[in-house]
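# Secondary and tertiary structure notes
Next come the chains, spelled out residue by residue.
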Amino acid sequence: MEKYDLIIIGSGPGGLTAGIYGGRQGSKTLMLDKGPAGGQGLEVPMMENYPGYEIIAGVSLIAQKKKQALKLAELHEMEKVTSIEPLGRIYKISTTKQEYHANSIILSTGSRHRPLDVPGEKEFLGQGVSYCATCDGPLFAGKDVLMIGGGNSAAQEALFLKNIGCNVTIVHRRDQLRADKYLKEKLEEHEIPIIWDSEVEEIKGNIFVESVVLNNKKTSQKTEVSVSGVFIAIGDEPINQLAKDLGLDIDHNGYIITDKFQRTNLERVYAAGDITGGVNQWIVACSEGAIAATAAFEDLQKM
Ligand code: NAP
């Protein structure tokens, strides 16, 4: 069984950064990911707040980080971690493919899209319902689509959809957006309509989505809007099953609790990125990854 100084679970922006730091510090480092490296970072259409780049797509930045990380650490994609077990002073990590031993672990398992939990959402997933405008948006060019949500993701993705030629309308449950001011201004500039105070009651269709039933919360009036696509961006939930199974302390929202060096309550187990909650930003995930790998390296010297 192969043994590593550091195994990083999840290779989004935080995990890849931890891999770069771990490798550079001379630790034998492995990054594992159940999917392709990048996680939700791959879905960000454009970032205008990642220092060093005036504008860059998530997919491009992930490609650069991955290339850099691969020079310093191993990466196994499409290999899901199924369990982590303390084994004396080390940890045994089982995946869908094999088992590893590690002196230290960084959990950067990220978060998943929160579902609306309305009829039709599951049934039409991939047939008009999507949580990723970057991935699926091009299929809807020239068509009418709704973007559900009022945060930065919904605003950013609506702008992306508009830019690729979709007739996008935002649906938000309140009368003002949570999104940053610059994004609100861009929505206005691009004349993206917003249906206020409205929640989705049902997504309807035959094989593909054909319409959405909306309920105006103020007037209780229901309207059925004909659309081909429904994009949902209403926030995230932590992917914390491994953390729970391992007995890590988590907060009331399910995010892993760490100290300022990303240490958890278990020795030589750290957490970085969206799984720790707080400010969900690339730069934060990256810095947490760097801090976690550095703390892991320092703690290994004392082992
Ligand atoms: P978010 O900020 O939590 O916003 C979620 C939005 O969905 C809110 O407007 C919320 O409404 C709405 N919502 C939640 N549950 C709903 C439901 N059941 N039905 C209908 N609407 C619902 O999530 P996010 O936009 O995904 O952003 C997540 C984090 O990433 C944030 O910290 C954000 O700042 C960050 N982010 C930053 C950028 C950027 O810097 N450019 C880009 C993307 C994301 P209410 O407003 O009524 O609560």
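You'll find the structure just up there.
Here we summarise the structure given alongside this text. Each chain carries its own residue numbering, running from 1 in the written order of its sequence. In view of the model being predicted, local features appear only for residues whose pLDDT reaches at least 70, and side-chain atom pairs are presented and counted only at 80 or more, with totals across whole chains, interfaces and linings using the full set of residues. Hydrogens are left out, water is left out, and the side-chain values use all remaining heavy atoms of the structure.

### With respect to the side chain of D197
To be explicit about the condition: Secondary structure elements are taken from DSSP: a helix is a run of H or I of four residues or more, a strand is a run of E of two residues or more, and numbering for both begins at the N terminus. Exposure is judged per residue with a 1.4 Å probe applied to protein chains only, and the accessible area is read against the type maximum: over 50% gives exposed, under 20% gives buried, and values in between give partly exposed. For this analysis, a polar contact is any N or O atom pair within 3.5 Å, provided that within protein one partner can donate a hydrogen and the other can accept it, and provided that sequence-adjacent residues contribute only side-chain to side-chain pairs. It only takes one pair of heavy atoms within 4.5 Å for two residues to be counted as in contact.
Relative to the helices and strands, D197 resides in the loop between strand 11 (194-195) and strand 12 (198-205). Judged by relative accessible area, which is 12%, D197 ranks as buried. Polar contacts involving the side chain of D197 include one to the main-chain amide nitrogen of D175, which spans 3.3 Å. If we skip the residues at most four places from it in the chain, D197 touches H172, R173, R174, D175, N215, N216, K217 and K218.

### Topic: the state of the cysteines
Rules: By disulfide we mean two sulfur atoms from cysteines, separated by a distance within 2.5 Å.
Within the structure shown, the criterion is met by one disulfide. C132 shares a disulfide with C135; S-S distance 2.0 Å. Taking the torsion about the sulfur-sulfur bond, which here is approximately 75°, the covalent link between C132 and C135 counts as right-handed. You can see C286 has no disulfide; the closest cysteine sulfur is in C132, sitting 19 Å from it.

### Re the layout of surface pockets
Quick reminder of the rule: Buriedness for pockets is judged along seven lines, at least five of which must meet protein on both sides within 12 Å for an open set on the 1 Å grid over protein atoms alone, while cavities are sets there where a 1.4 Å probe fits but cannot get out, and lining residues have an atom within 4 Å of a point. Grid points are joined across faces, edges and corners, and a volume is the space filled by probe spheres set on the points. Charged residues are taken to be Asp, Glu, Lys and Arg, nonpolar residues to be Ala, Val, Leu, Ile, Met, Phe, Trp, Tyr, Cys and Pro, and polar residues to be all remaining types, Gly included.
A volume near 260 Å³ is recorded for the second largest pocket. Going through the elements one at a time, helix 4 (152-163) and helix 5 (181-189) are the ones with two or more residues in the lining of the second largest pocket. Looking at the lining of the second largest pocket, the element that brings in the most residues is helix 4, giving four residues. When the residues that make up the lining of the second largest pocket are grouped by side-chain class, the tally is eight nonpolar, three polar and two charged.

### Thoughts on the pattern of salt bridges
Proximity of charged atoms lets side chains of opposite charge pair with each other. Definition in use: Criterion for a salt bridge: a side-chain nitrogen of Lys or Arg within 4 Å of a carboxyl oxygen of Asp or Glu.
Under the criterion given, the structure shown has 12 salt bridges. Between K222 and E201 there is a salt bridge, and its shortest N-O distance comes to 2.9 Å. Remark: E201 occurs in strand 12 and K222 occurs in strand 14 (residues 222-226); sequence separation between them is 21 residues. What makes E201 partly exposed here is its relative accessible area of 33%. Across the pair D299 and K302 runs a salt bridge whose closest N-O atoms are separated by 3.3 Å. Because the salt bridges share partners, they merge into one network encompassing E85, K92 and E99.

### Some remarks on the site of the ligand
Going by this rule: Note on definitions. A residue lies near a molecule or strand when any single heavy atom of the residue is within 4 Å of it. In these tables, accessible area is a Shrake-Rupley quantity obtained with a 1.4 Å probe, and a residue counts as shielded only by the protein chains included in the view.
The immediate surroundings of the ligand are formed by 19 residues, with N49, S153, R174, R178 and Q281 found nearest. Residue N152 places a side-chain N or O atom 2.9 Å away from an oxygen atom belonging to the ligand. Taking Y182, its side chain carries an N or O atom lying 3.4 Å from a nitrogen atom of the ligand. Coverage of the ligand by the protein amounts to 79% of the 910 Å² it exposes when considered alone. The element contributing the most residues to the shell around the ligand is helix 4, with three residues. Each residue belonging to the shell around the ligand can be placed in one class, and the counts come to four nonpolar, 11 polar and four charged.

### What to know about the packing of aromatic side chains
Selection rule: When two rings of Phe, Tyr or Trp (its six-membered ring) have centres within 6.5 Å they constitute a pair, described as stacked for plane angles under 30 degrees, edge-to-face for angles over 60, and tilted for the intermediate range.
This structure, assessed with the given rule, holds four aromatic pairs. For the pair F140 and F231, a centre-to-centre distance of 5.4 Å together with 80° between the ring planes defines the contact as edge-to-face. Of this pair, F140 sits in the loop between helix 3 (133-136) and strand 9 (144-148) while F231 sits in strand 15 (residues 229-232), and the two are 91 residues apart along the sequence. According to the relative accessible area criterion, F231 is buried, its value standing at 0%. Site record: aromatic cluster; members linked through ring pairs are Y50, Y53 and W282.

### Some words on the nonpolar core
Note the cut-off: Residues belong to a common nonpolar core when they are buried Ala, Val, Leu, Ile, Met, Phe, Trp, Tyr or Cys residues joined through side-chain atoms within 4.5 Å.
One finds M31, M47, I106 and W282 to be the most contacted residues of the largest nonpolar core, which totals 25 residues. For this core, the secondary structure elements donating two or more residues are strand 1 (2-9), helix 1 (13-24), helix 2 (58-70) and helix 7 (282-301). Among the elements that line this core, the one with the most residues is helix 7, at six residues. Counting 21 residues, the second-largest nonpolar core is a separate cluster that includes Y4, Y91, I93 and I275.

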